[in-house]
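Single-letter residue listing:
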Amino acid sequence: MASLVIMISMNLLLQLSFFIIVSSSNKYAEYLGGNATFSGVVIGIPTAFAGLSLIPLTKYDKGMYKMPFHVSCCFAILGHVAYALAFRANFLYLILIGRCLNGVAFSMFMYCKRYCTDPQIVGIRRRTTLASWLVICQGMGISLGPFLGGVLYKVGFSNSTFNGYTSPGWVMAGIYVGFWVLVTKYFEDIPQTPTIAELQPAGDLNAPPIVSLEVKGGDTMASPKYSSAPTTRPASPVNESLRAQLSLITRSQWGVIACMCWFSMLCFFILGSWEVNLPVFGAAAENFHWSPFTAGNFIALGGITSFPFLLFNLLAARRIQDRKILAFGTSLGLAGLVIFLSILRTGKVNYGSLFVCWWTVALGFNIATTVTLSLLSKQLPPEWNSRTSMAIQYSNYTGRVTGAVWGGSGVSVGMLNFVGLEIAMVGIGAILFTTLWRDLKAKTG
């Protein structure tokens, strides 16, 4: 239980790390000589490096979680410190370097998702429920991150080292130091699966010894065992070739995989673009002229007011099919996009109407992200959990990085074009969704 709490808490910290700079990064970049588009790159670039870092991590993690935990905490601290030092160094690209280091830490997002759908520790009827907890952390990150960033900017701390621009980096670095200690002391990894296990029938006393791996307390110990039979034995399903495993996946299952990856990318593209665009749009609009503090409060207010509904979604996930949750969340988010398009066309953009749009977009697409991985884990064999986790996480990363850049460019490309593209992308998802409706059926819970 303690390990599960630590894993979910890590997801919350990662969300805070991602969003705490949203409200002030535009001003920070401008102070160092950048612009709004560069600010969008700063916010979104970590996910690109997270995707790259997953390649070596998944090669050496042995299906376990403690090593990625240590890597994530280490790079989170380094990244936040580098982000904070950019002010004193007066070097624009140091904030980009800091966020790239944070990106390595954000590779832990995939492990959080994989842990909550790992068949070794989580039953099939608990996966959507645990995914709902991750979405609640996501909602808290969207709310608390920009709010804390805005508050720290407002307080200011007129100091060349610790000020409104740099304080988010220093604060998060300190939090990660403390959390790393808790991870080291309390997190218990899952039992390691033996990498060499040769079970042979008795018979041949002259057979050579073979080595098997025994796992004790997470440590791998090599001990010789003497076989008494020829080494010829039937192939194990665990060692089945990738090609053979791929052949077991039906055409409809490939369709479901493509659909879930699209929605995973879509939801984070839209959420990421809005989170980056709102401070830029609010500062540029004649009737707003928002400061980072005001923009952070606005983003946080949308997250806080949607939080009770995310808790309701946690309870509903036990009784409602994943495909229905996905349909409801996407429809609600689409409604927010359509309303925003209409008020942009009529010129009736004010605080209240913009808030309604942001609230429906944030709530709808956060709910939709609940089921993308859990649905796949219920339909595909348990051996595919690592692959599906990677596929969904890469889709998330793609959506985050492209969405952040799109959000930073929203004012320059035109807000009608900004929201129009997002509606078109939801339309593509709707075609996939309706075509595969029957194939998307899965167990509840």
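Right above here is the structure, for reference.
I will try to describe carefully the structure that is included in this document. (Residues numbered from 1 in each chain as written. Predicted model: local features only at pLDDT ≥ 70, side-chain atom pairs only at ≥ 80, totals over all residues. Heavy atoms only, no water.)

### Considering the nonpolar core
Ranked by internal contacts, the top residues of the largest apolar core, which has 127 residues, are Phe 69, Ile 95, Met 260, Ile 270, Trp 274 and Phe 340. Apart from residues no more than four positions distant in its own chain, Ile 95 is found in contact with Tyr 28, Ala 29, Leu 32, Phe 38, Val 42, Tyr 83 and Ala 86. (Core = buried A, V, L, I, M, F, W, Y, C linked by side-chain atoms within 4.5 Å. Buried < 20%, exposed > 50% of the residue type's maximum accessible area, 1.4 Å probe, protein only. Contact = heavy atoms within 4.5 Å.)

### Focus: the packing of aromatic side chains
Evaluation of the coordinates by the stated rule reveals 30 aromatic pairs. Ring centres 5.1 Å apart and planes at 75° place the aromatic pair Phe 18 and Phe 19 in the edge-to-face group. A centroid spacing of 5.7 Å and a plane angle of 90° characterise the contact between Phe 38 and Tyr 93, whose relative ring orientation is edge-to-face. Linking Phe 38 in helix H3 (residues 36–60) with Tyr 93 in helix H5 (residues 92–105), this pair joins segments that are 55 residues apart in sequence. One aromatic cluster in this structure is built from Trp 274, Phe 281, Phe 288, Trp 290, Phe 298, Phe 340, Tyr 351, Phe 355 and Trp 358. Its end group placed over the ring of Phe 109, Arg 400 keeps NZ or CZ at 5.6 Å from the ring centre. (Phe/Tyr/Trp six-rings, centres within 6.5 Å; stacked < 30°, edge-to-face > 60°. Helix = DSSP H or I, 4+ residues; strand = E, 2+ residues; numbered from the N terminus. Lys NZ or Arg CZ within 6 Å of the ring centre and 35° of its normal.)

### Let's talk about helix H8 (residues 167–186)
With 20 residues, H8 ought to run about 28 Å at 1.5 Å a step, and its terminal C-alpha atoms sit 29 Å apart, in line with that. By the burial criterion, the buried members of H8 are Ser 167, Pro 168, Gly 169, Met 172, Ala 173, Tyr 176, Phe 179 and Val 183. Where H8 is buried, its residues meet helix H1 (2–19), helix H4 (66–89) and helix H7 (127–155). (Expected span 1.5 Å × (residues − 1).)

### Some words on the environment of Ile 136
By the element assignment, Ile 136 lies in helix H7. With 175 residues separating them along the chain, Ile 136 and Leu 311 place their C-alpha atoms 7.1 Å apart. If we skip the residues at most four places from it in the chain, Ile 136 touches Phe 307, Leu 310, Leu 311 and Leu 314.

### Remarks on unusual backbone geometry
Phi is positive for Asn 90, close to 55°, though the residue is something other than glycine. When you line up the elements, Asn 90 lands in the loop between H4 and H5. Phi angles above zero are rare outside glycine, and His 289 is one such case at about 50°. Position of His 289 among the secondary structure elements: in the loop between helix H10 (251–284) and helix H11 (292–316).

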